[in-house]
Amino acid sequence: MKHAVVIAGGGPTGLMLAGELALAKIDVAIVERRENQDVAGSRAGGLHSRTIELLDQRGIAERFLAEGKRMPVAPFAMTMLDLSDLPSRHNYWLGLFQERIERLLADWVSELEVPIYRGRSVTGFAQDDDGVDVALSDGMALRAEYLVGCDGGRSSVRKQAGIEFRGWDASTSYLIAEGEMEGEPAWGIRYSGKGIHGLGKLEDGKRVRLVSAEAELRQGDEPTLDDLRKNLVAVYGADYGVKNVTWLSRFTDATRQAATYRARRVLLAGDSAHVHSPAGGQGLSLGVQDAVNLGWKLAQVVRGTSPDALLDTYQAECHPVGARVLERSMAFTALARGDDRTLALRTMMSDLVTMDQPRKRYTALISGLDIRYDLGSSHPLLGRRMPDLELVTESGSRRVFTLLHEARPVLLNLAEPAVLDIAPWANRVKRIDARYSGAWELPVVGAVDAPSAVLIRPDGHVAWVGSGTDEGLRDALSAWFGAPEPKA
Ligand SMILES: Cc1cc2nc3c(=O)[nH]c(=O)nc-3n(C[C@H](O)[C@H](O)[C@H](O)COP(=O)(O)OP(=O)(O)OC[C@H]3O[C@@H](n4cnc5c(N)ncnc54)[C@H](O)[C@@H]3O)c2cc1C
């Protein structure tokens, strides 16, 4: 069976990437080991602002907002930081467990008619100059132009591609569990020398979710109920009669990143490209961001409108973003230790980060809204995400994000209609003439000069900024959306 792109793994990253490719009308298929979209335990607990914006850019954010809980704060150590003045429509964290997130993404992907080969794994592949032969566990063979490993932290695609997974070994392991407890456990967060411990009620108000650092680092084996009971007694002095445990797992703060996100026709995205402690709740959001950065580029390369080299910009842009998340997650682990010196550091950092400027910087960072790709420095918008402005167009008022629903590039002209000529790219780039008279405010940067036009990539990042002329526009169009089409 042939497909243009085969994605190994239908978790959040693989599903998002499949949606992006399907929107671009690319023949994409997912191979997923699980029989269905059930997720063991609750895993990720929600979405950060920029990730909600990405869903909004595709017109599906409402589905997630309808099921999640908006929380206008972000935790930092023992402090809650206000998110409500983030310059985004989605100035909050959306509490929503991974199972719901995956189901909503899977529904979208199914509407886009992406085939999913369920209940089988990618077991091997061989690439040549024209494509990749992909072997599945049931003996089926697929042929694709590109294979993307979205197959999680233990990615067999990454291993088989021989891509190094560089980083730091685990320093702490945590038990995570869901079950029932008797009496009134010590709800909330507490610290011990090794790390953090938390007990909270699940959505049904009866069952408990707990995360608890272990006294000794353990990895590589499945925890037992006995491990859980002993840990509870060591930390709380009681095991609260823990029973009916429906999920018991162990995770560590191992922090690793693939040395490269690409080996010729094989690419990596999501946890297969980076793993880190769940502290800060950034893993799932980062995978979705990878997928949205890669999707349109891969679509253009498969379609032949852009050279293969466009795929190298995925590595150039996303690898540093991932490295920054890894660094941050290690800082969170360090701050979560319970010894007196770390407590002193945590108190000092909490004091500093509640000051206005550090808070703004930190909340933009953790929400992903401050991401800037290095596309030049002629205007602060370059390489940053386009804000969701309320525009006035010939057909009425439109939000910028609604222009991106089809995952196509947009030239947004905010000045005189005649100045910009994009005729040789007219089949690929949507041109919109509009008016906007409000302020331009970017996270962290603040107010910026209003541009006369912007070229917006399908991932919502700004590729070119006009200041009354079309200087540089043709170069940007060629670089990002392929050579000009000859006149018919
Ligand atoms: C205990 C725990 C708690 C977490 N808490 C948070 C949190 O609070 N916030 C947060 O943002 N993140 C959290 N994470 C991380 C988050 O769950 C991941 O970052 C996210 O799931 C990554 O998505 P992914 O699609 O890249 O990988 P995964 O979700 O791992 O998906 C990989 C998919 O590939 C499939 N697969 C694997 N191998 C193959 C193969 N060979 N062939 C075919 N299919 C294959 C798997 O079945 C799976 O569906 C947590 C993770 C764990 C383990």
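Here we summarise the structure given alongside this text. (Residues numbered from 1 in each chain as written. Predicted model: local features only at pLDDT ≥ 70, side-chain atom pairs only at ≥ 80, totals over all residues. Heavy atoms only, no water.)

**Some details on the packing of helix α8 (residues 312-335) against helix α10 (residues 356-367)**
To characterise two packed helices, one gives the angle between the axes of the helices and the distance between these axes.
Next, step 1: Running from amino to carboxyl end, α8 crosses α10 at an angle of 115°, the nearest separation of the two axes being 11 Å. In terms of crossing hand, the pair formed by α8 and α10 is left-handed. Across the interface between the two elements, Arg-324, Arg-328 and Phe-332 from α8 touch Tyr-362, Leu-365 and Ile-366 from α10.
Next, step 2: For the contact of α8 with α10, the class distribution of residues is four nonpolar, no polar and two charged. (Axes fitted to C-alpha atoms, helices over the stretch in contact; angles between N-to-C directions. Helix = DSSP H or I, 4+ residues; strand = E, 2+ residues; numbered from the N terminus. Left-handed = near helix turned anticlockwise from the far one by under 90°. Contact = heavy atoms within 4.5 Å. Nonpolar A, V, L, I, M, F, W, Y, C, P; charged D, E, K, R; others polar.)

**A look at the site of the ligand**
Next, step 1: Surrounding the ligand, one finds 29 residues, the nearest of these being Thr-13, Glu-32, Arg-34, Gln-98 and Asp-271.
Next, step 2: Taking Arg-43, its side chain carries an N or O atom lying 3.4 Å from an oxygen atom of the ligand.
Next, step 3: Isolated, the ligand exposes 1000 Å² of accessible area, and the fraction of that covered by the protein chains is 88%.
Next, step 4: Class assignment for the residues of the shell around the ligand results in 10 nonpolar, 12 polar and seven charged. (Near = heavy atom within 4 Å. Polar contact = N/O pair within 3.5 Å; in protein donor to acceptor, adjacent residues only side chain to side chain. Areas by Shrake-Rupley, 256 points an atom, 1.4 Å probe, with all protein chains shown as cover.)

**Regarding the pairing of strand β22 (residues 390-393)**
For a regular strand, side-chain orientation follows a simple rule: the groups alternate between the two sheet faces.
Next, step 1: In β22, alternate side chains face the same way, and those of Leu-391 and Thr-393 are buried while those of Glu-390 and Val-392 on the opposite face are not.
Next, step 2: In terms of strand pairing, β22 meets strand β23 (residues 396-399) through four bridges, oriented antiparallel. Considered in β23, the bridge of Thr-393 is made with Gly-396.
Next, step 3: The loop that links β22 with its antiparallel partner β23 comprises two residues.
Next, step 4: Here β22 pairs with strand β25 (residues 430-435) via two bridges, running antiparallel. (Buried < 20%, exposed > 50% of the residue type's maximum accessible area, 1.4 Å probe, protein only. Pairing = 2+ DSSP bridges.)

**Here's the deal with the pattern of salt bridges**
Next, step 1: The full count for this structure, using the stated rule, is 39 salt bridges.
Next, step 2: Between Asp-85 and Arg-359 there is a salt bridge, and its shortest N-O distance comes to 2.7 Å. Of this pair, Asp-85 sits in the loop between β6 (79-82) and β7 (93-95) while Arg-359 sits in helix α10, and the two are 274 residues apart along the sequence.
Next, step 3: When its relative accessible area of 34% is taken as the criterion, Asp-85 is described as partly exposed.
Next, step 4: Here Asp-129 ties to Arg-264 by a salt bridge, and the two come within 3.6 Å at their closest N and O atoms. (Salt bridge = Lys/Arg side-chain N within 4 Å of Asp/Glu carboxyl O.)

**Some thoughts on the sheet that holds strand β21 (residues 274-275)**
Next, step 1: Taken in spatial order, the three strands of this open sheet run β12-β18-β21, and their pairing is antiparallel. Unpaired on one side and paired on the other, β12 (165-168) and β21 mark the two borders of the sheet.
Next, step 2: Where β12 meets strand β18 (residues 255-258), four bridges bridge the pair, whose relative direction is antiparallel. The partner of Arg-166 across the bridge, within β18, is Gln-257.

**Structural notes on the sheet that holds β22**
Next, step 1: As summarised here, the arrangement of the six strands in space is β23-β22-β25-β24-β28-β29, forming an open sheet in which the pairing is mixed. Single-partner strands in this sheet number two, and they are β23 and β29 (462-466). Neighbour to neighbour, the strand axes of the sheet diverge by 35° on average, direction disregarded.
Next, step 2: Most of the contacts of helix α11 (residues 473-481) go to strand β28 (residues 453-456), to which it runs at about 10°, and overall it touches β24 (410-413), β28 and β29.

**Re a nonpolar patch on the surface**
Next, step 1: Residues Leu-345, Met-348, Leu-352 and Met-355 make up a contiguous nonpolar surface patch of about 370 Å² in total accessible area.
Next, step 2: By the element assignment, Met-355 lies in the loop between α9 (340-353) and α10.
Next, step 3: Residue Met-355 is classed as partly exposed on the basis of its relative accessible area, which comes to 46%. (Patch = residues over 30% accessible without salt bridge, like charges linked within 9 Å, V, L, I, M, F, W, Y side chains within 5 Å.)

**Quick notes on the nonpolar core**
Next, step 1: Within the largest apolar cluster, 95 residues are counted, with the highest numbers of intra-cluster contacts made by Val-5, Phe-64, Leu-298 and Leu-455.
Next, step 2: A per-element tally of this core places helix α7 (residues 283-303) first, with 11 residues.
Next, step 3: Excluding its chain neighbours within four sequence positions, the residues that come into contact with Phe-64 are Leu-47, Leu-55, Leu-94, Leu-96, Ile-101, Leu-104 and Leu-105.
Next, step 4: In this structure, Leu-382, Leu-414, Ile-432 and Val-465 belong to the second largest nonpolar core, which totals 21 residues. (Core = buried A, V, L, I, M, F, W, Y, C linked by side-chain atoms within 4.5 Å.)

**Topic: the packing of aromatic side chains**
Next, step 1: For the structure on display, the rule yields eight aromatic pairs.
Next, step 2: Pairing Trp-296 with Phe-481 gives two aromatic rings, centres 5.8 Å apart and planes at 50°, and the pair type is tilted. Taken as a pair, Trp-296 in helix α7 and Phe-481 in helix α11 lie far apart in primary sequence, 185 residues in all.
Next, step 3: Under the relative-accessibility criterion, Trp-296 is labelled buried at 4%.
Next, step 4: Judged by centre distance (6.4 Å) and plane angle (80°), the rings of Phe-332 and Tyr-362 are edge-to-face. You can see Phe-332 sitting in helix α8 and its partner Tyr-362 sitting in helix α10, a full 30 residues away along the chain.
Next, step 5: Relative accessible area serves as the criterion here: at 13%, Phe-332 is assigned to the buried category.
Next, step 6: Residue classification places Tyr-362 among the buried positions, given a relative accessible area of 9%. (Phe/Tyr/Trp six-rings, centres within 6.5 Å; stacked < 30°, edge-to-face > 60°.)

**A look at the pairing of strand β11 (residues 141-149)**
Next, step 1: Note that strand β1 (residues 2-8) and β11 share six bridges and pair parallel. Bridge assignment links His-3 to a residue of β11, and that residue is Ala-144.
Next, step 2: Here four bridges tie strand β10 (residues 132-136) to β11, and the two strands are oriented antiparallel to one another. Within β11, the position partnered with Val-132 by the bridge is Ala-144.
Next, step 3: Here β10 folds back onto β11, and the loop between the two strands holds four residues, one of which, Gly-139, carries a positive phi near 95°.
Next, step 4: Bridge analysis of β11 against strand β20 (residues 266-268) gives three bridges, and the strand direction is parallel. Counted as the bridge partner of Gly-149 is Leu-268 from β20.

No statement about biological role is implied by the geometric values presented.
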